[in-house]
Amino acid sequence: MRHYTFMNVARMKRLDKTTRLTEETIAAMGEIQEKTYWLTLTEGWCGDAAQIIPVLEKMAELNPLVETRYMLRDQHLDIMDAFLTNGARSIPKVIFLDKDLQVTGSWGPRPMEVQEVVMDNKARLATISDIVERNLQDAASKKFIQKWYAKDKTKKIQKEVVSSIPNT
């Protein structure tokens, strides 16, 4: 997993420099009027997290009432297990908390379009018995997802996170 972590650091640095927030995102972040915390369960090896975390940080920078925090999924399975996606410990998972640290919502692990691709791929891979073919198909799916993120330029991440923020 070390290789993925190094690759993801490079992705995050690139996205930190290139992410441009939409006018809708900027406006929505301005509507937040009370202290809120965005707690994200993640891991360094997670490719989706590398695409999403820089966007969350850019969004949070717009409003001093929004504070981001990160926890490693594998060190906090009790929390992760309260926010499963289709029964899986999928990350990143953003948990929205109010000023009293009460959960007000969540988002993740990835934009809905990408989630559909991941779920379809998982089902397709389960039907392939040849390990070489399964690995080739899995690699092709991962490449498709990375291209999807690059083409989308964080627009869907922003839109879905904004629609998940309570009271915006």
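A brief look at the structure comes next. (Residues numbered from 1 in each chain as written. Predicted model: local features only at pLDDT ≥ 70, side-chain atom pairs only at ≥ 80, totals over all residues. Heavy atoms only, no water.)

### A closer look at the overall build of the chain
Across its full length, the chain holds 7 helices and 4 strands. Going from N to C terminus, the chain has its helices and strands arranged as α-α-β-α-β-α-β-β-α-α-α. Against the compact-globule benchmark of 15 Å for 168 residues, the chain has a radius of gyration of 16 Å, which places it among compact chains. Here the C-alpha coordinates of the chain stretch approximately 55 × 35 × 25 Å along the principal axes. (Helix = DSSP H or I, 4+ residues; strand = E, 2+ residues; numbered from the N terminus. Rg over C-alpha atoms; globule rule 2.2 N^0.38 Å.)

### Here's the deal with the sheet that holds strand 4 (residues 103–107)
The sheet built from 4 strands is open, its strands ordered 2-1-3-4 with mixed pairing. Bordering the open sheet on either side are strand 2 (66–72) and strand 4, each of which pairs with just one other strand. Between one strand and the next, the sheet's axes are offset by a mean angle of 20°, whatever the strand orientation. Relative to strand 3 (residues 93–98), strand 1 (residues 36–42) runs antiparallel, the two sharing 6 bridges. Paired with leucine 39 across the bridge in strand 3 is isoleucine 95. The sheet contacts of helix 3 (residues 47–61) involve strand 1, strand 2, strand 3 and strand 4, and relative to strand 2 the element is tilted by about 155°. (Pairing = 2+ DSSP bridges. Axes fitted to C-alpha atoms, helices over the stretch in contact; angles between N-to-C directions. Contact = heavy atoms within 4.5 Å.)

### Observations concerning the pattern of salt bridges
On inspection of all chains with the given rule, the structure shows 11 salt bridges. With a closest N to O distance of 3.9 Å, glutamate 34 and lysine 99 form a salt bridge. Here lysine 99 lies in the loop between strand 3 and strand 4 and glutamate 34 lies in the loop between helix 2 (23–30) and strand 1, a separation of 65 residues in the sequence. We classify glutamate 34 as partly exposed; its relative accessible area is 49%. Assessed through its relative accessible area of 47%, lysine 99 is described here as partly exposed. Linked through salt bridges whose partners overlap, the residues forming this network are Glu34, Lys99 and Asp100. (Salt bridge = Lys/Arg side-chain N within 4 Å of Asp/Glu carboxyl O. Buried < 20%, exposed > 50% of the residue type's maximum accessible area, 1.4 Å probe, protein only.)

### Details of the nonpolar core
Ranked by internal contacts, the top residues of the largest apolar core, which has 22 residues, are Trp38, Met59, Val161 and Ile165. If you list the elements that add at least two residues to this core, you get helix 2, helix 3, strand 3, helix 6 (131–152) and helix 7 (155–164). Looking at which element gives the most residues to this core, the answer is helix 3, with 5 residues. (Core = buried A, V, L, I, M, F, W, Y, C linked by side-chain atoms within 4.5 Å.)

### Considering the pairing of strand 3
For strand 3, the tally of buried residues reaches 5 of 6 residues, placing the bulk of the element in the interior. Taken together, the 4 bridges between strand 3 and strand 4 define a ladder with antiparallel strand orientation. Within strand 4, the residue paired with valine 94 across the bridge is tryptophan 107. Hairpin connection between strand 3 and strand 4: a loop of 4 residues separates the two successive antiparallel strands, and leucine 101 in this loop has a positive phi of roughly 65°.

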